[in-house]
Amino acid sequence: LNPSNRSIQDTEGSAVRPQPALLKLLHTAGAKGDTFTLKQVMHFLGQYIMVKQLYDKRQQHIVHCGDDELGQLLGITTFSVKDPSPLYEMLKKNLHQVSC
Ligand SMILES: C[C@@H](c1ccc(Cl)cc1)n1cnc(-c2ccccc2)c1-c1c(C(=O)NCCN2CCN(C3CCCCC3)CC2)[nH]c2cc(Cl)ccc12
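Reference entry: report on the structure contained in this document. Note that the structure is predicted; figures quoted are calculated from it, not measured.

Quick notes on the rules
- Residues numbered from 1 in each chain as written.
- Predicted model: local features only at pLDDT ≥ 70, side-chain atom pairs only at ≥ 80, totals over all residues.
- Heavy atoms only, no water.
- Near = heavy atom within 4 Å.
- Areas by Shrake-Rupley, 256 points an atom, 1.4 Å probe, with all protein chains shown as cover.
- Helix = DSSP H or I, 4+ residues; strand = E, 2+ residues; numbered from the N terminus.
- Nonpolar A, V, L, I, M, F, W, Y, C, P; charged D, E, K, R; others polar.
- Buried < 20%, exposed > 50% of the residue type's maximum accessible area, 1.4 Å probe, protein only.
- Lys, Arg positive; Asp, Glu negative; His and termini not counted.
- Salt bridge = Lys/Arg side-chain N within 4 Å of Asp/Glu carboxyl O.
- Polar contact = N/O pair within 3.5 Å; in protein donor to acceptor, adjacent residues only side chain to side chain.
- Expected span 1.5 Å × (residues − 1).
- Arc of directions from axis to C-beta.

Remarks on the site of the ligand
Right, on to step 1. Every residue near the ligand is listed here: Met 42, His 43, Leu 45, Gly 46, Ile 49, Met 50, Tyr 55, Gln 60, Phe 79, Val 81, Pro 84 and Leu 87.
Right, on to step 2. About the coverage of the ligand: the protein hides 64% of its 770 Å² of free accessible area.
Right, on to step 3. The dominant element in the shell around the ligand, judged by the number of residues it contributes, is helix H2 (residues 38–51), at six residues.
Right, on to step 4. Looking at the shell around the ligand residue by residue, the class counts come to nine nonpolar, three polar and no charged.

Encoded structure:
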């Protein structure tokens, strides 16, 4: 993100530009355009998980993404929505701060 090295949460309201691989997932989930707030990125990633039915039907906080592009981006096969750290790591690498 930006050189001032603010944490990912600080960029809540400001605009971010996802890398192509992440942008593709957001468009699959119905997102339009190429610049979003972090909140919108989170919303569309949630939609993506639902559209692709990646969450465990019995334990709905578990996401199985090993066979999906989401897993390629995260570098993991499974995660729990209760532990967002792998997600924030991925977003740090795949979101560019848009200084507008
Ligand atoms: C609090 C929030 C969250 C948000 C960010 C993080 Cl790093 C962790 C957790 N959250 C809580 N459960 C989910 C979730 C669980 C299963 C399937 C889809 C989403 C989410 C996620 C949202 C979201 O925007 N959530 C809106 C309300 N969700 C409730 C759960 N609902 C589903 C639960 C499973 C059955 C279908 C509905 C969907 C709407 N966006 C995400 C993106 C990712 Cl990479 C991972 C998880 C989520």
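A short note on the side chain of Asp 56
Right, on to step 1. When you line up the elements, Asp 56 lands in the loop between H2 and strand E2 (62–64).
Right, on to step 2. One buried charged residue, Asp 56, forms no salt bridge at all, with the nearest opposite charge on Arg 58 at 4.6 Å.
Right, on to step 3. From its side chain, Asp 56 meets the backbone nitrogen of Gln 59 in a polar contact 2.8 Å long.
Right, on to step 4. At a separation of 2.9 Å, a polar atom in the side chain of Asp 56 contacts the side chain of His 64.

Considerations on H2
Right, on to step 1. The first and last C-alpha atoms of H2 sit 20 Å apart over 14 residues, in line with the 20 Å expected at 1.5 Å per residue.
Right, on to step 2. All of the buried residues in H2 are Leu 38, Val 41, Phe 44, Leu 45, Tyr 48 and Ile 49. Summarising the axial view, the buried residues of H2 lie within an arc of 145 degrees, below the 170-degree limit, and thus occupy one face. Facing away from the buried side of H2, by more than 90 degrees, are the exposed residues Lys 39 and Val 51.
Right, on to step 3. Looking one or two places after H2, you find Gln 53, whose phi comes out positive at around 55 degrees.

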